[in-house]
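# A structural walkthrough
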Amino acid sequence: LHCSMLIFFCYHPEICFKIHTSQNFSSVMQLLIRKYEPSDKDAACRLFRTGILEHIHPCFHNAMTTPLYIFITVALSAAGILLGSVLGALVLPGIWVGLIYYSCHGLYSSFVLAKLQTDMRDISRSYLSRPGDCFWVAEAQIDGTSQIVGIVAVGELFRMIISPLCRRMGLGARLTQTVIDFCKEHGFSEVVLETSTTQAAAVALYKKLGFHIVLTHTETKRVSARSPVDQITRP
């Protein structure tokens, strides 16, 4: 192989480390990255669903702040005024805005539903039954209880979600660096990944780690048509 088309994965059976946090539950959180077990399914699926659906609002915001959509909103409001109806000036753009939000919500909701009925329905079979595929979870002790705060998988499809509890603490960087180290050890010439421009924090992280954008396109089933997908590679 000369190129890895996979986004994130961990190759160590177990990785245990501590991260500092300003959250109320603890000043230091211990995290364990380990292989997925069948008992993790419900927590992994919940985290996957939450992580994907949280992109609805950024997608909606991106759509409504484009010049074209702003023009349409203002034009509909002006049309209501020209018709002599203050109510129409509010209702017409309101319907338009609601339609855009409904479209964004439907796009991500249908994606989640489709994946929960396919590869996420049987994670072991989808990601642990073939050599080179893997599914990992990041487990943390929070208030004395073990919780799944991150998931990441590699295979023909991929999944990476980090709980809001553990964001901006270095977990994403550790997972990404693990990928880079793995690819170097296996002689890959580059790492290629895709992400949506609505995920500004993720894009910033990749650039910080040395990735650069080589292609931007809008044709993807994984994100809104309003959100281009950036392919970022690191030699």
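This one's a predicted model, so the numbers in the text were calculated from it and none came from an experiment.

Definitions and limits used
- Residues numbered from 1 in each chain as written.
- Predicted model: local features only at pLDDT ≥ 70, side-chain atom pairs only at ≥ 80, totals over all residues.
- Heavy atoms only, no water.
- UniProt positions renumbered as here; feature names shortened; annotations may be inferred.
- Helix = DSSP H or I, 4+ residues; strand = E, 2+ residues; numbered from the N terminus.
- Buried < 20%, exposed > 50% of the residue type's maximum accessible area, 1.4 Å probe, protein only.
- Axes fitted to C-alpha atoms, helices over the stretch in contact; angles between N-to-C directions.
- Parallel < 35°, antiparallel > 145°, perpendicular 65-115°, else oblique.
- Left-handed = near helix turned anticlockwise from the far one by under 90°.
- Contact = heavy atoms within 4.5 Å.
- Nonpolar A, V, L, I, M, F, W, Y, C, P; charged D, E, K, R; others polar.
- Phe/Tyr/Trp six-rings, centres within 6.5 Å; stacked < 30°, edge-to-face > 60°.
- pLDDT = per-residue confidence, 0-100.

### Looking at the UniProt feature "transmembrane region" (unreviewed entry) in the chain
- Mapped onto this numbering, the UniProt entry annotates "transmembrane region" (unreviewed entry) at residues 68-89 and 95-116.
- Regarding residues 95-116, the helix share stands at 100% and the strand share at 0%, and the terminal C-alpha atoms are separated by 31 Å.

### Quick word on the environment of Ile213
- Inspection of the secondary structure assignment puts Ile213 in strand 8 (residues 212-217).
- With 20 residues separating them along the chain, Ile213 and Leu193 place their C-alpha atoms 9.8 Å apart.

### Considering the environment of Arg49
- Within the secondary structure layout, Arg49 lies in helix 1 (residues 41-53).
- In this structure Arg49 comes out as partly exposed when scored by relative accessible area, which is 47%.
- Considering only alpha carbons, one finds Arg49 and Leu116, 67 residues apart in sequence, at a separation of 8.5 Å.

### As for the packing of helix 3 (residues 67-82) against helix 4 (residues 86-116)
- Relative orientation of the contacting elements helix 3 and helix 4 amounts to 150°, with a least axis distance of 6 Å. In terms of orientation, helix 3 and helix 4 fall into the roughly antiparallel class. The handedness of the crossing between helix 3 and helix 4 is right-handed. Across the interface between the two elements, Tyr69, Ile72, Thr73, Leu76, Ser77, Gly80 and Ile81 from helix 3 touch Gly88, Ala89, Leu92, Pro93, Trp96 and Ile100 from helix 4.
- Split into classes, the residues belonging to the contact of helix 3 with helix 4 amount to 9 nonpolar, 4 polar and no charged.

### Notes on the packing of aromatic side chains
- According to the stated counting rule, one finds 5 aromatic pairs in the structure shown.
- For the pair Phe60 and Tyr101, a centre-to-centre distance of 5.3 Å together with 80° between the ring planes defines the contact as edge-to-face. Here Tyr101 lies in helix 4 and Phe60 lies in helix 2 (residues 56-64), a separation of 41 residues in the sequence.
- On the basis of an interplanar angle of 55° and a centroid distance of 5.4 Å, the ring pair of Tyr127 and Phe135 is categorised as tilted.
- Using a relative accessible area of 0% as the deciding quantity, one classes Phe135 as buried.
- In textbook terms, an aromatic cluster arises when at least three aromatic residues are bridged by ring pairs, as seen for Tyr36, Tyr127 and Phe135.

### Looking at the confidence of the model for the chain
- Averaged over every residue, the pLDDT of the chain is 75; the share at 70 or more is 72%.
- No element of the chain has a lower mean pLDDT than strand 1 (residues 3-4), which averages 28, and none a higher one than helix 3, which averages 94.
- Across residues 1-28, confidence stays below pLDDT 50; counting only partners more than four residues off in sequence or on other chains, it has 91 contacts.
- Here residues 220-231 scores under 50 on pLDDT; set against residues more than four positions off or in separate chains, the count is 48 contacts.

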